[in-house]
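Here are the chains, one letter per residue:
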Amino acid sequence: MSKISKLFKGGGSAASKSRGGPSPQEALARLRETEEMLSKKQEFLETRIERELAIARQHGTKNKRAALQALKRKKRYEKQLSQIDGTLSTIEFQREALENSHTNTEVLKNMGYAAKAMKKVHENMDLNKIDDLMQDITEQQDVAQEISDAISNRAAFGDEFDEDELMAELEELEQEELNKGMRDVRLPSVPSTSLPSRPASTRKRAEDEDEMKKLAAWAS
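Residues numbered from 1 in each chain as written. Predicted model: local features only at pLDDT ≥ 70, side-chain atom pairs only at ≥ 80, totals over all residues. Heavy atoms only, no water.

Under an unreviewed UniProt entry, the name given to the protein chain is Charged multivesicular body protein 4C, and the organism recorded is Malurus cyaneus samueli. As its UniProt record puts it under Sequence similarities (unreviewed entry), the protein chain is described as follows: "Belongs to the SNF7 family." (UniProt positions renumbered as here; feature names shortened; annotations may be inferred.)

In structure tokens:
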């Protein structure tokens, strides 16, 4: 191996080590550029295929040699087009895999960052002190509940009286008031004289009006 080749080899290796390889963003940008370039090549080949097919139709049986040459070029272009389709599929798969890898790397990085932050928060926490604190809180809650129950219970003042006897006495008083009210009520007296009878002339007039109504109804 010549000194020049060794020099170039060593220089390239040092540059690669100092750079540390391309970043995911750079690799994705390169892959997208390659996809764009191959897509343009596809459009070019499709145009050439249509052109060669038109030339073959134009010559037809008049100039078989020119027509065959056009068809051969068309076949070559179709073969290149098929190869580009396969290359694009491979590049697309590689790009998606790289994007997923980059996403997973970022997710793991953020999870590690969050884990460090959580660890830093828990550094000043003593589990024994936390247990003691929670026990104190529970005890104070129990004491507060006992105080609330003691305050809310009804005082035992006057419990020596029987409530049934008091209710019975109250009902007797109410009955006495009701009887007294009934004695004070005075009913109206029935009149001794009979009610005046209906005058004969008025009764006759009413009968005539009834007859006239019947005649009017029959006539209509």
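After that view, the rundown keeps rolling.
A.B. asks: I'm lost on the overall build of the protein chain in this one. Help?
C.D. replies: For the protein chain, the helix and strand inventory stands at 6 helices and 0 strands. For the protein chain, the residues scored as buried account for 9% of the 220 residues in total. Within the protein chain, contacts between residues at least 6 apart in sequence are counted, and of these 75% link residues at least 24 apart. Of the roughly 20,000 Å² of accessible surface on the protein chain, a fraction of 56% belongs to carbon and sulfur atoms. (Helix = DSSP H or I, 4+ residues; strand = E, 2+ residues; numbered from the N terminus. Buried < 20%, exposed > 50% of the residue type's maximum accessible area, 1.4 Å probe, protein only. Contact = heavy atoms within 4.5 Å. Areas by Shrake-Rupley, 256 points an atom, 1.4 Å probe, with all protein chains shown as cover.)

A.B. asks: Got a minute to help me understand the nonpolar core in this structure?
C.D. replies: When a protein is soluble and globular, its nonpolar side chains tend to lie buried together. Counting 9 residues, the largest nonpolar core consists of Leu 31, Leu 38, Leu 45, Ile 49, Tyr 77, Leu 81, Ile 84, Leu 88 and Ile 91. Only α2 (24-59) and α3 (64-122) provide two or more residues apiece to this core. Residue contributions to this core peak at 5 residues, all from α3. In contact with Leu 88, not counting residues within four places along its chain, are Glu 35, Leu 38, Ser 39 and Gln 42. (Core = buried A, V, L, I, M, F, W, Y, C linked by side-chain atoms within 4.5 Å.)

A.B. asks: What am I meant to see in a negative patch on the surface here?
C.D. replies: A cluster of like negative charges, contributed by Asp 162, Glu 163, Asp 164, Glu 165, Glu 169, Glu 171, Glu 172, Glu 174, Glu 176 and Glu 177, occupies part of the molecular surface. Assignment of secondary structure puts Glu 177 in helix α5 (residues 163-184). Judged by its relative accessible area of 57%, Glu 177 falls in the exposed class. (Patch = residues over 30% accessible without salt bridge, like charges linked within 9 Å, V, L, I, M, F, W, Y side chains within 5 Å. Salt bridge = Lys/Arg side-chain N within 4 Å of Asp/Glu carboxyl O. Lys, Arg positive; Asp, Glu negative; His and termini not counted. Charge placed at Lys NZ, Arg CZ, Asp CG, Glu CD.)

A.B. asks: What is the right way to read the pattern of salt bridges from this model?
C.D. replies: Tallying each qualifying case throughout the model produces 8 salt bridges. Its salt-bridge partner being Arg 95, residue Glu 35 comes within 3.0 Å of it at the nearest N-O pair. One end of the pair, Glu 35, is in helix α2; the other, Arg 95, is in helix α3, with 60 residues separating them in the sequence. Across this residue pair, the class does not change: Glu 35 and Arg 95 are buried.

A.B. asks: Teacher, can you tell me more about α3 here?
C.D. replies: The periodicity of an α-helix, 3.6 residues per turn, causes residues three or four places apart in sequence to face the same way. Over its 59 residues, α3 extends 86 Å from the first C-alpha to the last, a length consistent with the 87 Å expected when each residue adds 1.5 Å. Listed in full, the buried residues belonging to α3 are Ala 67, Ala 70, Lys 74, Tyr 77, Leu 81, Ile 84, Leu 88, Ile 91, Arg 95 and His 102. Summarising the contacts, the buried residues of α3 are in contact with α2. (Expected span 1.5 Å × (residues − 1).)

A.B. asks: Explain the packing of α2 against α3 here, please?
C.D. replies: When two helices pack together, their arrangement is given by the angle between their axes and by how far apart the axes lie. For the pair α2 and α3, interaxial distance at closest approach is 8 Å and the crossing angle is 160 degrees. For the element pair α2 / α3, the angle class is roughly antiparallel. Relative to α3, α2 is oriented so that their crossing is left-handed. (Axes fitted to C-alpha atoms, helices over the stretch in contact; angles between N-to-C directions. Parallel < 35°, antiparallel > 145°, perpendicular 65-115°, else oblique. Left-handed = near helix turned anticlockwise from the far one by under 90°.)

A.B. asks: I would appreciate a short explanation of α2 in the present structure.
C.D. replies: Relative to the 52 Å expected for 36 residues at 1.5 Å per residue, α2 spans 52 Å between its end C-alpha atoms, a close match to the ideal helical length. Every buried residue of α2 is listed here: Leu 28, Leu 31, Glu 35, Leu 38, Gln 42, Leu 45, Ile 49, Glu 52 and Ala 56. In this structure, the buried residues of α2 make contact with α3. Looking at the residues trailing α2, positive phi occurs at Gly 60, about 50 degrees.

A.B. asks: When you look at the environment of Glu 96 in this model, what are you seeing that I'm missing?
C.D. replies: Here Glu 96 lies in helix α3. A relative accessible area of 36% places Glu 96 in the partly exposed class. Sequence separation between Glu 96 and Leu 28 is 68 residues, and the spatial gap between their C-alpha atoms is 9.2 Å.

A.B. asks: Is there a simple way to explain the side chain of Gln 42 in this structure?
C.D. replies: Secondary-structure assignment places Gln 42 in helix α2. Take Gln 42: its relative accessible area is 15%, and that puts it in the buried class. Residues contacting Gln 42, with those up to four places away along its chain left out, are Leu 81, Ile 84, Asp 85 and Leu 88.

A.B. asks: Is there a simple way to think about a nonpolar patch on the surface in this case?
C.D. replies: On the surface, Val 121, Met 125, Leu 127, Ile 130, Leu 133, Met 134 and Ile 137 cluster together into a nonpolar patch covering about 670 Å² of accessible area. Per-element tally for the nonpolar patch: the top contributor is helix α4 (residues 127-152), with 5 residues. Mapped onto the secondary structure, Met 125 falls in the loop between α3 and α4.

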